[in-house]
Amino acid sequence: MFDLQAQDPLTNARTGILRTAHGAVATPFFMPVATKATAKCISPQELVENGAEAIILNAYLLHAMPGSERISQLGGIHQFMAFPNTIIADSGGFQMIRESLFLGISDKGVQFRNPFTKQKEMVSPEDIMRIDMRLGVDGAMCLDHMPFVLDPYEDIFTATLRTHKWAQRCKLEHDRLKKEGNVLNDQQLLFGIAQGGTHQALREKSAKFINSLGFDGHAFGGLCIGERREEMYSAVVTQLPHFDAGKPRYLMGVGSPEDILECISYGVDCFDSVYPTQTARRGTMFTLDGQIDITKSKYQEDTSPIDESCQCATCKAFTRAYLHHVAKVEKYTAYRYLSVHNTHFIQQLMKEIRKGIDGGYFSEFKGEFLERYAKGKREKR
Ligand SMILES: [Zn+2]
């Protein structure tokens, strides 16, 4: 299921191949976010063209609309959204930070307000596993209790213990469903999620416990939600050695080129984030010389592409001057062109990183990339 290929001589960065029922994913990899089975302003085909071998969506929200039974009847999630590659499903744990959805939590499960019907519904760890099986995703995430990073220690402790109990229940139910057979994707993987806030001892304890349950991969949960960058890095460094080195390690919700490069050097294999598409919709474009804001008037006569070296459909076709104009007069169309560039940029960065690790020059690549990226300072809006 997961084969390691190369190990960087100077850092813990590594490459590998993750095999799922929908193809091989070269690691480390980055997943664009398609929460409700659609990314914002960019099609599944464009994500494939940009090099995305995997995406992430949300099991609970798809159960809420259009329903996991319906997606199952329509042939499963890959057929439904016409995405042929690997699909991972987050559970719904992350939705607990959305006040409009989250109503309460107990050992039984999470109570949500269905965002479409407005009805209250209880979702248990077992429910999420059944939803994932009906969707036919390639990788399922356990339902976890994700606390706020600034919550008092006692609350984070309680959430971490509940996450552990739910991880056991998810594993039992997932094994049972697979054994029962007659499922859309009998190769579906299950990832455990460790919590612990910014408390190192709790992070360590959580990683050890989650690792003991026999999951196919392990995730760092509850990060990139308001803690300082150093706190996020130190949570990863604390937990990582306690996750089985032969299984993929997934840092949820990250992120920016800087954070991706840093965490790959620690040994992280997998990332997801709305960052590339969210920044694109604000007009912020990634370039090798740092970020630029295409809506600024200094681009209205700029005949260069967003990034000279980029091979995306937007850079092949359009000048900065034209994109600046489209952003002014037809913002939804601009969102699409700009999202194509940013998602392509991140996938291209991941490719270069993998080449660097395989070729034994990852540290050099990281240093040079970050220096150039920081030099062309971020433009303030
Ligand atoms: Zn481009």
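Everything below is about the structure shown above.
Residues numbered from 1 in each chain as written. Predicted model: local features only at pLDDT ≥ 70, side-chain atom pairs only at ≥ 80, totals over all residues. Heavy atoms only, no water.

**Q** Break down the sheet that holds strand E6 (residues 86-90) for me, citing the residues and quoting the values.
**A** One open sheet holds the eight strands; their spatial order is E4-E14-E13-E12-E11-E10-E6-E5, and the pairing between them is parallel. Either end of the sheet is taken by a strand with one partner, and the two such strands are strand E4 (29-32) and strand E5 (54-58). When strand polarity is set aside, the average angle formed by the axes of neighbouring strands in this sheet is 25 degrees. Pairing geometry for strand E11 (residues 189-194) and strand E12 (residues 217-220), over four bridges, is parallel. Residue pairing for E12: Ile193 is matched across the bridge by Ala219. Where helix H13 (residues 331-359) meets the sheet, its contacts fall on E4 and strand E14 (270-273), and the angle it forms with E4 comes to roughly 165 degrees. (Pairing = 2+ DSSP bridges. Helix = DSSP H or I, 4+ residues; strand = E, 2+ residues; numbered from the N terminus. Axes fitted to C-alpha atoms, helices over the stretch in contact; angles between N-to-C directions. Contact = heavy atoms within 4.5 Å.)

**Q** Any details on the coordination of the zinc ion? Residues and values, ideally.
**A** Ideal coordination angles are 109.5 degrees for a metal with four donors arranged tetrahedrally and 90 or 180 degrees for a metal with six donors arranged octahedrally. Looking at the zinc ion, one finds its protein donor set to be Cys310 (SG), Cys312 (SG), Cys315 (SG) and His341 (ND1), positioned 2.1 to 2.3 Å from the metal centre. Viewed at the metal, the four donor atoms of the zinc ion are separated by angles of 98 to 120 degrees, and the geometry they form is tetrahedral. (Donors = N, O, S within 2.8 Å, 3.2 Å for Na, K, Ca; no water. Tetrahedral: all angles 85-135°; square planar, octahedral: opposite > 155°, others 65-115°.)

**Q** Any chance you could break down the packing of aromatic side chains for me, citing the residues and the numbers?
**A** Evaluation of the coordinates by the stated rule reveals 13 aromatic pairs. With 5.6 Å between their ring centres and 55 degrees between their planes, Phe286 and Phe345 make a pair best called tilted. Within this pair, whereas Phe286 is found in strand E15 (residues 284-287), its partner Phe345 is found in helix H13, the two being separated by 59 residues in sequence. Residue Phe345 is classed as buried on the basis of its relative accessible area of 6%. Of the aromatic side chains, those joined through ring pairs into one cluster are Tyr275, Phe286, Phe345, Phe365, Phe369 and Tyr373. (Phe/Tyr/Trp six-rings, centres within 6.5 Å; stacked < 30°, edge-to-face > 60°. Buried < 20%, exposed > 50% of the residue type's maximum accessible area, 1.4 Å probe, protein only.)

**Q** Go over helix H12 (residues 320-329), please, and point to the residues and values.
**A** Arg320, Ala321, Leu323, His324 and Val326 are the residues of H12 that are buried. Here the buried face of H12 lies against E15, strand E16 (290-293), helix H11 (313-317) and H13.

**Q** Now, about the state of the cysteines: what can you tell me, with residues and values included?
**A** Put plainly, a disulfide is one covalent bond tying together the sulfur atoms of two cysteines. Tallying each qualifying case throughout the model produces zero disulfides. Looking at the unpaired Cys263, the closest cysteine sulfur is the one in Cys224, lying at 8.8 Å. (Disulfide = S-S within 2.5 Å.)

**Q** How would you summarise the pattern of salt bridges if you had to cite specific residues and measurements?
**A** What the rule picks out here adds up to 19 salt bridges. The residue Glu262 makes a salt bridge to Lys366 at a minimum N-O spacing of 2.9 Å. Of this pair, Glu262 sits in helix H9 (residues 257-266) while Lys366 is found in helix H14 (residues 362-375), placing the two residues 104 residues apart along the sequence. The two residues Glu262 and Lys366 agree in class, both being buried. A single network of salt bridges, built from pairs that share partners, joins Asp127, Arg130, Glu173, Arg176 and Glu180. (Salt bridge = Lys/Arg side-chain N within 4 Å of Asp/Glu carboxyl O.)

So far we have only geometry, and geometry alone does not tell us how the molecule works.
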